[in-house]
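# Fold and contact review
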Amino acid sequence: MNNEENKILSHRQHVKYFMRFLNVLPSSLSSHDTTRVTIAYFSVSGLDVLGSISSISIDLQTRIIDWLYRLQVHPNKENGDMSACGFQGSSTVNIRFNTEENNYRCGHLAMTYTGLCILLALGDDLSRLNRKALIEGVKALQTEEGNFSATLSGCESDMRFVYCAACISYMLNDWSGFNIKTATDYIIKSIGYDYGIAQCPELESHGGTTFCALATLSLTNQLDKLTVDQIEGLKRWLLYRQIDGFQGRPNKPVDTCYSFWVGASLKMLDALHLTNYPNNRSYVYETQDSVVGGFSKWPDTCTDPMHTYLGLAGLSLIGENGLLDIVPTLNITKRAHDHLKTLHEKWASES
Ligand SMILES: CC(C)=CCC/C(C)=C/CC/C(C)=C/COP(=O)(O)OP(=O)(O)O
Ligand SMILES: [Zn+2]
């Protein structure tokens, strides 16, 4: 197939592609078994941006929602402790030892964030969430320097989880578990000599982590804490990531996902219009599999749900026909965000 023919959105194939992941996890993704919620997020949000949520039968929507609520970790029954509250990525590690209840269940910030995104895309009313417990779960993961760990069970802490914690707090409309001041300080310390933003202070600037940092500043209304020099430097660093598509850092190959990570960052800074849309669009389409659906990171390589969703989200940012609008900060559709706004109004009227 020549390139021109391939520059049409294979809408029907992408819908079938995502539906396959919702029905069965292929053996090639078995290593992602413990993070199934993220795969469900890419698939459900992918169908959402394609305007095709109704392709998921009501029965399957109900089963996905019920599955997510079963992954919600509730307060400890004996002492009421809420520090482990959040969503698990799957039930794979719920092994029972001698007791009925095992002590190894704990939430993970990326699973809680992506789980909430799925519930919103499916129009759930979030009534089965223990919102206070989820917020206590977020609070337990913030470090003294303002950064967040992913989970209580001991693991890495970096900018990705600052972002997930900010999204959860925004979605639940409760910032009592998120210290905005220390998180903002941490982000500002992670700005590099080149004005890009890294996972942690002193590390290399990266498009993915710059997105996480900027989205957090936007969700917490702290963008005004950046100086004019920092904003102009950041715009410059981000704009220089465009080759045809976008790369994540200097001297690295372009990759479909950065059309979203870098594109959304520029959109938040009101500078996406300074990029070359046709070149960006053309690169993303080079990574489309127009036969079985999906996008890959590079042309002629294997597709995966993450690059498929982020490729579509990146195209949506530049106004591709046939795609719903994306809210760049939360990485969900405007449709799902509108549903969230009605829930916030309902909660406000109840309190
Ligand atoms: C919410 C959440 C979890 C957000 C994640 C944002 C983020 C950090 C995205 C970057 C992911 C990525 C492609 C890493 C690859 O590093 P690499 O060194 O293989 O890639 P590179 O060569 O393109 O730099
Ligand atoms: Zn990628």
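Cut-off values and rules
Residues numbered from 1 in each chain as written. Chains lettered and ligands numbered in written order. Predicted model: local features only at pLDDT ≥ 70, side-chain atom pairs only at ≥ 80, totals over all residues. Heavy atoms only, no water. Helix = DSSP H or I, 4+ residues; strand = E, 2+ residues; numbered from the N terminus. Polar contact = N/O pair within 3.5 Å; in protein donor to acceptor, adjacent residues only side chain to side chain. Contact = heavy atoms within 4.5 Å. Donors = N, O, S within 2.8 Å, 3.2 Å for Na, K, Ca; no water. Tetrahedral: all angles 85-135°; square planar, octahedral: opposite > 155°, others 65-115°. 1 Å grid on protein atoms, 1.4 Å probe; cavity = no way out; pocket = protein on both sides within 12 Å on 5 of 7 lines; lining within 4 Å. Points joined across faces, edges and corners; volume = space filled by probe spheres on them. Nonpolar A, V, L, I, M, F, W, Y, C, P; charged D, E, K, R; others polar. Phe/Tyr/Trp six-rings, centres within 6.5 Å; stacked < 30°, edge-to-face > 60°. Buried < 20%, exposed > 50% of the residue type's maximum accessible area, 1.4 Å probe, protein only. Lys NZ or Arg CZ within 6 Å of the ring centre and 35° of its normal. Disulfide = S-S within 2.5 Å. pLDDT = per-residue confidence, 0-100.

## Let's talk about the side chain of H307
By the element assignment, H307 lies in helix α12 (residues 305–317). A polar atom in the side chain of H307 sits 3.2 Å from the side chain of D255. Here H307 is in contact with D255, T256, C257, F295, S296 and K297, once residues within four sequence places are set aside.

## Section: the coordination of the zinc ion (ligand 2)
Four donors placed tetrahedrally around a metal ideally meet at 109.5 degrees, and six donors placed octahedrally ideally meet at 90 or 180 degrees. Ligation of the zinc ion (ligand 2) by protein atoms is provided by D255 (OD), D255 (OD), C257 (SG) and H307 (NE2), these donors lying 2.1 to 2.6 Å from the ion. Considering all four donor atoms around the zinc ion (ligand 2), the spread of angles at the metal, 53 to 115 degrees, places the coordination shape in the irregular class. In primary sequence terms, the donor set of the zinc ion (ligand 2) follows D-x1-C-x49-H.

## Regarding the layout of surface pockets
It is the rolling of a water-molecule-sized probe over the atoms that shows where space remains empty. Counted as a void, the largest pocket has a volume near 940 Å³. Along the lines of polarity and charge, the residues of the lining of the largest pocket split into 20 nonpolar, twelve polar and six charged.

## Thoughts on the packing of aromatic side chains
Inspection of every chain in the model, using the stated rule, returns 14 aromatic pairs. On the numbers, 5.6 Å between centres and 65 degrees between planes, the contact of Y41 with Y309 is edge-to-face. Remark: Y309 occurs in helix α12 and Y41 occurs in helix α2 (residues 36–49); sequence separation between them is 268 residues. The class of Y309 is buried, set by a relative accessible area of 0%. Every member of this aromatic cluster is reached through a ring pair, and the members are Y41, F42, Y113, Y163, F211, F260, W261 and Y309. The ring centre of W237 lies 4.7 Å from the NZ or CZ of R241, which sits over that ring. Residue placement shows K297 over the ring face of W298; its charged tip is 4.5 Å from the ring centre.

## Looking at the state of the cysteines
Following the criterion strictly, the structure yields zero disulfides and no others. Between C117, a free cysteine, and C167, which holds the nearest cysteine sulfur, the sulfur-to-sulfur gap is 6.6 Å.

## Some thoughts on the confidence of the model for the chain
Taken as a whole, the chain shows an average pLDDT of 94; of its residues, 95% reach a score of 70 or greater. Under the prediction, the complex receives an ipTM of 0.93, its pTM being 0.96.

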